[in-house]
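# An overview of the molecular structure
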Amino acid sequence: MIDLGCTRARLLAEIEAANSTGEPLSDITDPRVATADAHVRVCGRGRKDLFPLLKIALCERFASVPRPQLIRDLLMPLKNALGNAFKHGNGSDPGKRVSVEIMLTRKGALLAVTDEGTGFDFARTFRRFQQQETYFENHGCGFRNLHQAMSTVTYENGGRTVLLCFRPTKESLEPASRLPALEPVAVGNSPAVERSVPPGGKHGEAFKRAETTDLIPGGKMLPSTAGETPAATFWRAPCAKNSESSLAKVRDGEWMRTSLSTELPEFANGGARLESCRIYATRGRFGDDCGNRYLLRVAGPGGGPAETRILTGRFHATTTRAAADFDAATRLHDAQISKHLRIPKPAARLAGEPRLVLYEFDSWMTLSEYLTYRGSFRALRKCAGKIGQALAALHGSPLVLPGGETDPLGLQERVASAEKNLQTLSAGSDLVNRFRLTFQRILQRAAFRPQHELTPIHGALSWDCIRYGVDGRFYLYRFETCRRSDPGLDLGGCTADLLCFTLANHDEEAYRVCLDHFLGTYNSEAAHPMSNEDLLDYTVLALVERLGRAGPSTHAGAGQLLAALDIASTTRTGGAKSEGT
């Protein structure tokens, strides 16, 4: 919230910080930033230089703060402030600098972003914003983004400095060790910032009643439960033989620096020197479940200033899964299948720990988190279309994947497991029989499907596998189950999460419109179009599978997913005609 009446002194007092006169830290990766009261000042050319480092350090500092709050009230306002400083303050001049000063206390943080421009009349501009006037070339989206945050925002220094005061709730600042134990739900679930009961649609009341029980703590509906196994992340990592010693190695900065220096060609061949490796572990109730971040300080051969690189690491339970992840990702990345859904570049598998896969990639948000922050139906529909296009490109590619022509996760096994999930619920036999017919139709289609209709698929697709990077691009992630198989498995996984997200944040009609757009854009480019009726069957299968992976709290909140299942099995979109983008 923008409050021009606030001063720096007042904001410092609110987080109980002294206006320090000592020399601030100049390294945002200093361990004291994560644990102690600290004063930091860093400089760069703008958002591209500064935001990845600030984001990763602040996420570590505020690891116990719920991610929706952290994104909305700290990271997004900071990103906008950095962008405004470079674009408007410095006029996009790469010769000018943007500085960020941070005061960190146990109560929160005060950030001051300063540019080298001429400033602006912020009081007059804010009045025009409040009066809904068009006051700038971008129609005031900068003020709008800053004003919607719960943090306090103000200006000083003639408009050249924006102050952002972030004060998490007292409960959010509890140390991670004192937080309640995490429910063993599937990896990657991220509750929405705010939820609204769907106002329309014949299933609206049923969905509202279903929300009175919990699938995850806090009464949030699962946006998805990815095909990802908990073993493929550091948080909730596997307890297999030698896992503890392996995890100790991949969390050891010196071990990683030595291994990377030896095995990455750019370092091993003497082209550059790896000075240090700072590890930011995925941990806490509100981690992004994407993997450890490895921040590398790299000195070039010419002796110039050190640059930084960020790698993301996935630790698998077995070397076989790690090899499959790395191999499929490499082939997909090299194929450059889609500009809408890119593939992060695999960087390495280390000889000393082959279960670790490293990517040149820094995720910021899951797709659910991104769309929750955007909060608009237009953004949701646009993303649905882009995903449809990207999947059509993947499924239509001649790519040869490591799994060959076999299906390691056979439909027979998946259907049998889904039926078992339904039988464990306190649901009537009519409901079980109803969905059994759905599964039988899938098996019948598979039995008569020609071999040439098997396509390269992701294999465990959910919205948790679609990531919004710090570079503002969307990425597909998690590739260990990629193979040639039934494209309906990918489409059903995506639409299952579309349904859950849309019901939680919009309404039933929004789901139908987005489903039409998703399937229309897919069919406009797919070699083998998918009918709406067939897609509904795969959506039901995906929802039942998610129900089975939801953990011990499933029975308490089965009504939520059952409501979604009811909608998925009755929705009709009028044929999902092909449409352009």
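For every chain, the first residue of the written sequence is number 1, and numbering continues from 1 along that sequence. Where totals are concerned, whole chains, interfaces and linings use all residues; where local detail is concerned, this predicted model gives features only for residues with pLDDT of at least 70, and gives and counts side-chain atom pairs only at 80 or more. Processing note: side-chain calculations cover all non-hydrogen atoms of the structure and skip hydrogens and water entirely.

## Brief notes about the packing of aromatic side chains
This is how it is decided: Classification of ring pairs uses Phe, Tyr and Trp, with its six-membered ring standing for Trp, and accepts pairs whose centres are within 6.5 Å; under 30 degrees between planes counts as stacked, over 60 as edge-to-face, and the remaining range as tilted. Put simply, DSSP H or I for four residues or longer makes a helix, DSSP E for two residues or longer makes a strand, and each gets a number counted from the N terminus. With a 1.4 Å probe rolled over the protein chains alone, any residue whose accessible area is under 20% of its type maximum counts as buried; one over 50% counts as exposed, and the rest are partly exposed.
Within this structure, the stated rule accounts for 12 aromatic pairs. Summarising the aromatic geometry, the rings of F62 and F166 are spaced 5.2 Å apart at their centres and angled 85° between planes, so their arrangement reads as edge-to-face. Taken together, the positions of F62 in the loop between α3 (47-61) and α4 (67-89) and F166 in strand β5 (residues 161-166) put the pair 104 residues apart, joining distant regions of the chain. F166 carries the same exposure label as F62, and that label is buried. Residues Y370 and F474 carry aromatic rings whose centres are separated by 5.0 Å and whose planes lie at 90° to one another, so their mutual orientation is edge-to-face. One end of the pair, Y370, is in helix α12 (residues 367-374); the other, F474, is in strand β14 (residues 474-476), and 104 residues separate them in sequence. The class for F474 is buried, based on a relative accessible area of 13%. A connected cluster of aromatic rings, assembled from ring pairs, spans F51, W364, Y370, Y468 and F474.

## Side note on the sheet that holds strand β3 (residues 108-114)
How we decide: The pairing criterion is simple: DSSP has to find at least two bridges between the two strands. Under this scheme, a helix contributes an axis fitted over its contacting stretch, all axes are lines through C-alpha atoms, and angles between N-to-C directions fall in the 0 to 180 degree range. Should any heavy atoms of two residues lie within 4.5 Å, those residues are counted as being in contact.
What the 5 strands build is an open sheet, ordered β1-β2-β3-β5-β4; its pairing is antiparallel. The two strands at the open ends of the sheet, each matched to only one other strand, are β1 (38-44) and β4 (152-156). Going from strand to strand, the sheet's axes swing by 15° on average, the running direction of each strand aside. Sheet topology places strand β2 (residues 98-105) next to β3; 7 bridges connect them, and they run antiparallel. Considered in β3, the bridge of T105 is made with G108. Seen against the sheet, α3 touches β1, β2 and β3 and runs at an angle of roughly 5° to β2. The strands touched by α4 are β2, β3 and β5; relative to β5, the strand with the most contacts, the crossing angle is about 175°.

## Some points on the pattern of salt bridges
What counts, and what does not: The rule for a salt bridge is simple: a side-chain nitrogen of Lys or Arg has to be within 4 Å of a carboxyl oxygen of Asp or Glu.
Counted according to the given criterion, the structure contains 29 salt bridges. Among the salt bridges present, the one from E60 reaches R278, with a minimum N-O distance of 3.0 Å. Remark: R278 occurs in strand β6 (residues 273-280) and E60 occurs in helix α3; sequence separation between them is 218 residues. Owing to a relative accessible area of 13%, E60 belongs among the buried residues under this scheme. Overlapping salt bridges, with partners in common, bring together R8, R41, E101 and E156 in one network.

## Some details on unusual backbone geometry
Across residues other than glycine, the phi torsion is negative in most instances, and most of the peptide bonds are trans. One non-glycine residue, E16, lies in the positive phi region at around 60°. By secondary structure assignment, the location of E16 is in the loop between α1 (8-14) and α2 (32-35). You can call E16 partly exposed: its relative accessible area is 48%. Of note, Q336 is a non-glycine position whose phi angle comes to about 50°, a positive value. Following the sequence through the fold, Q336 ends up in the loop between α11 (319-335) and β9 (345-350).

## Concerning the side chain of D362
Basically, it comes down to this: Here a polar contact is taken to be a pair of N or O atoms separated by no more than 3.5 Å, where protein atoms must pair a possible hydrogen donor with a possible acceptor and residues adjacent in sequence count only if both atoms sit in side chains.
You can see D362 is positioned in the loop between β10 (353-360) and β11 (363-366). Overall, D362 belongs to the buried group, its relative accessible area being 7%. Among the polar contacts listed, one links the side chain of D362 to the side chain of R293, at a separation of 2.9 Å. D362 has contacts with P52, K55, R293, I310, T312, G469 and V470, leaving out every residue within four places of it along the chain.

## Brief notes about the packing of helix α13 (residues 377-395) against helix α17 (residues 508-525)
What counts here: Orientation categories follow fixed angle ranges, with anything under 35 degrees roughly parallel, anything over 145 roughly antiparallel, 65 to 115 roughly perpendicular, and all other angles oblique. A clockwise turn of the near helix away from the far one marks a right-handed crossing, whereas an anticlockwise turn of less than a right angle marks a left-handed crossing. All residues other than Ala, Val, Leu, Ile, Met, Phe, Trp, Tyr, Cys, Pro, Asp, Glu, Lys and Arg, Gly among them, are scored as polar; the first ten of these are nonpolar and the last four charged.
Packing of α13 against α17 brings their axes to within 8 Å, and their N-to-C directions diverge by 30°. On the basis of the axis angle, α13 is roughly parallel to α17. Here α13 and α17 pass one another in a crossing that is right-handed. Contacts between α13 and α17 involve F377, L380, R381, A384, G385, I387, G388, Q389, L391, A392 and H395 from the former and A510, V513, C514, H517, F518, T521, Y522 and E525 from the latter. Here the contact of α13 with α17 is built from residues that sort into 11 nonpolar, 6 polar and 2 charged.

## Here we look at the confidence of the model for the protein chain
Rule in force here: Residue-level confidence of the predictor is summarised by pLDDT, bounded by 0 at the bottom and 100 at the top.
In this model, the protein chain carries an average pLDDT of 79, and 75% of its residues clear a pLDDT of 70 or more. Per-element confidence in the protein chain is highest for β14, whose mean pLDDT is 97, and lowest for helix α7 (residues 204-210), whose mean pLDDT is 42.

## Description of the environment of T372
Looking at the secondary structure, you find T372 in helix α12. Judged by relative accessible area, which is 16%, T372 ranks as buried. Counting along the chain gives 304 residues from T372 to P68, while the straight-line C-alpha distance between them is 8.5 Å.

## A word on the pairing of β3
Among the 7 residues of β3, 7 are classified as buried, and the element is accordingly described as predominantly covered. The alternating pattern of β3 places G108, L110, A112 and T114 on one face and A109, L111 and V113 on the opposite face, and all of these are buried. Hairpin connection between β2 and β3: a loop of 2 residues separates the two successive antiparallel strands. Two elements, β3 and β5, share 6 bridges in a ladder whose sense is antiparallel. Within β5, the position partnered with T114 by the bridge is T161.

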